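These are the residues of each chain, in order.
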Amino acid sequence: MNEHFDVIIIGTGAGGGTLAYRLAASGKRILLIERGPYVPREKDNWSTKAVNQDGKYNTKEVWRDRDGKDLHPHTNYYVGGNTKFYGSALFRLRKEDFGEIRHHGGVSPAWPISYDELEPYYAEAERIYHVHGQQGEDPTEPWRSAPFPHPAVTHEPRIQALHDDWAGLGLRPFHTPLGVMLNEGNLRKSPCIRCSTCDGHPCLVNAKADAQVCCVDPALEYSNVTLMTDALVSRLETSPSGREVTKVHIENHEGKRAISADIVVVSCGAINSAALLLRSANDRHRRGLANGSDVVGRHYMGHVNSVLMAISKCPNPTVFQKTLSLNDFYFGSREWGFPMGHISFVGKLDGDTLKAGAPALAPHWTLELMGKHSLDFWLTSEDLPDPNNRVTLDRDGKIVLSYKPNNEEGHRRLTEKLKSLMKQQTKCAVHGHECHEGLFARNLYAGQRIPLAGVAHQNGTICFGADPRTSALDMNCRAHEVDNLYVVDASFFVSSGAVNPALTIMANALRVGDHLLDHLGCKAETERGLKQNATLPARPEAVLA
């Protein structure tokens, strides 16, 4: 392998994979580096015991919490990053999320770019990732330049009944925007089969719109794009001036090596990207690469999340449950003028999944019965950037994640709202209003000393902004202090909003991609190349270096 490239992208998830797709037709020599392999296609992809109870695909890496105790993160190192295991809910941040918002617990700061600047890239990301939805249902939905590329995924009967109940109460429930390759008009030809193991599982039939399937494999159809798997980037080396990255140091089964590129893009996830820059400290960057502002690793956010199970005497036979959402309380309510957050669903829970974080049992209920009789809600509220919530390294170089939850009152009130709504369900024909048995919390990621969100929504550790004194990246996500270094995962976020970050990461990667194409002087060539290559199939295997 020629050891010098035009662009090196470290990480293949929502940020790195999407950026590779954007740059692929440029003709420039691009190297994608992924610390893990492709997810093996095997029966265990669909096993809730293997995925949730045994944690088969989780990293075995051990971090530390702020007290120095072991932390086993719920994260995955594979081609496609964490999108291989995400639930495919692809929301835009609300237009208001880009401005300053006052919360009960403090202030969510304004972004240095507006929703209007990111909107065309949101629309393009929705096309690339096959997003299904219905425009105009969500009362908080920002303006759109185009409708959703695919029709909303339909509700199964139990979810439709809940939709109707909520609508009858004057609320505006809506179809969750989902990135799945589903054709409900012709199910015989549909790649997606609406199975019960989409959320948290890799897709055995490659019908989930993840970064590997939608972006990495199509990018590899170009001869100028190479993928190196099972390769850990240990640090970045700079020139004596500290103004450019000159070497990317890699460790794999062949040993240690160093390669270089004109442009280096970090996209390892907000925690690992911060750790990589901190590990890359040198005489010119004593606090970590690009960290003259001392913000690298700080302001870690991951949302305030809960999984709540509404148990009824009647069973819930729903298979594909994640089709309904509610944002009526996103910015508050008549009774309370501060934001609360977002209500949606997780994938259908079963006994094996519940064993990984068992809720308190109601009388006469087993975990298996609870799974069969539950509606399984996911509640998300915004946490606020706090400089003391941060990623650091211990003396052995291990990641230390220090996090104290904040802004929790809104989440508590959102939970109470859901409890109130569930008590107002339409009278059951069999059990009357006594059908609803109550709301129970599932303890996500049992045994881990971090908040319920785990690290699935990690963001905010290498913030972007106009002022180098208070940010690490400029508006194009280039490091203020290192001319050829960019970051395109959720590290750049300055606030977390209260919806899943994936689509915003994807949209921003496309935006940064356009900036890089202009910088490389090849935007027109890329647009022509994409049109010529539009019909090429995705390639399933990696190109090993």
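All figures in this text were calculated on a predicted structure; none of them were measured in a lab.

A. Summary view of the overall build of the chain. Counting its regular elements, the chain contains 11 helices and 21 strands. Relative to the globule expectation of 24 Å for 545 residues, the C-alpha radius of gyration of the chain, 23 Å, shows essentially globular dimensions. Burial status across the chain gives 61% buried among its 545 residues. In the chain, the share of contacts with a sequence separation of at least 24, taken over all contacts with a separation of at least 6, comes to 74%. When the accessible surface of the chain is totalled, it reaches about 21,100 Å², and 50% of it is carbon and sulfur. Positive and negative side-chain charges of the chain, numbering 60 and 63 respectively, have mean locations separated by a distance of 2 Å.

B. Region of interest: the sheet that holds strand β16 (residues 342-345). Across the sheet, four strands lie side by side as β16-β17-β14-β20; this open sheet has antiparallel pairing. The open sheet terminates on both sides in strands that have one partner only, identified here as β16 and β20 (436-442). Mean inter-strand twist for the sheet, computed between neighbouring axes without regard to direction, equals 30°. Alignment of strand β14 (residues 304-312) against β20, held across six bridges, turns out to be antiparallel. In the sheet register, Val 307 faces β20, and the bridge partner there is Arg 442. Set on the sheet, helix α4 (residues 157-168) makes contact with β14, β16 and β17 (374-381); between it and β17 the angle comes to about 55°.

C. Structural detail: the pattern of salt bridges. Counted by the stated rule, this structure contains 29 salt bridges. Of the charged contacts, one joins Asp 44 and Lys 56 as a salt bridge, the two residues approaching to 2.8 Å between their closest N and O atoms. Placement of the pair is Asp 44 in the loop between β2 (30-33) and α2 (48-53) and Lys 56 in the loop between α2 and β3 (63-65), with a sequence separation of 12 residues.

D. A look at the packing of aromatic side chains. A full pass over the atoms with the stated rule returns 18 aromatic pairs. Ring plane angle 85° and centroid distance 5.8 Å describe the contact between Trp 111 and Phe 464, whose orientation is recorded as edge-to-face. Of this pair, Trp 111 sits in the loop between β6 (106-108) and α3 (115-128) while Phe 464 sits in the loop between β20 and β21 (485-487), placing them 353 residues apart in sequence. Phe 464 shares its class with Trp 111; the two are buried.

E. Broad picture of the packing of helix α1 (residues 16-23) against helix α10 (residues 502-520). In the contact formed by α1 and α10, the axes pass within 8 Å of each other and the chain directions differ by 40°. Taken together, α1 and α10 sit at an angle that is classed as oblique. Between α1 and α10 the crossing geometry is right-handed. Seen from α1, the contacting residues are Thr 18, Leu 19, Arg 22 and Leu 23; seen from α10, they are Met 506, Ala 509, Leu 510, Val 512, Gly 513, Asp 514, Leu 516 and Leu 517. Taken together, the residues of the contact of α1 with α10 break down into eight nonpolar, two polar and two charged.

F. Molecular detail of the sheet that holds strand β19 (residues 399-402). Strand order in the open sheet made by the four strands is β4-β3-β19-β18, with mixed pairing throughout. In the strand order of this sheet, the two ends are held by β4 (70-71) and β18 (390-393), each with one partner. Sheet strands in contact with helix α6 (residues 270-279) are β3, β18 and β19, and its direction is about 40° off that of β18.

Rules and cut-offs
- Residues numbered from 1 in each chain as written.
- Predicted model: local features only at pLDDT ≥ 70, side-chain atom pairs only at ≥ 80, totals over all residues.
- Heavy atoms only, no water.
- Helix = DSSP H or I, 4+ residues; strand = E, 2+ residues; numbered from the N terminus.
- Rg over C-alpha atoms; globule rule 2.2 N^0.38 Å.
- Buried < 20%, exposed > 50% of the residue type's maximum accessible area, 1.4 Å probe, protein only.
- Contact = heavy atoms within 4.5 Å.
- Areas by Shrake-Rupley, 256 points an atom, 1.4 Å probe, with all protein chains shown as cover.
- Lys, Arg positive; Asp, Glu negative; His and termini not counted.
- Charge placed at Lys NZ, Arg CZ, Asp CG, Glu CD.
- Pairing = 2+ DSSP bridges.
- Axes fitted to C-alpha atoms, helices over the stretch in contact; angles between N-to-C directions.
- Salt bridge = Lys/Arg side-chain N within 4 Å of Asp/Glu carboxyl O.
- Phe/Tyr/Trp six-rings, centres within 6.5 Å; stacked < 30°, edge-to-face > 60°.
- Parallel < 35°, antiparallel > 145°, perpendicular 65-115°, else oblique.
- Left-handed = near helix turned anticlockwise from the far one by under 90°.
- Nonpolar A, V, L, I, M, F, W, Y, C, P; charged D, E, K, R; others polar.

Interpretation in functional terms is not warranted from these geometric data alone.
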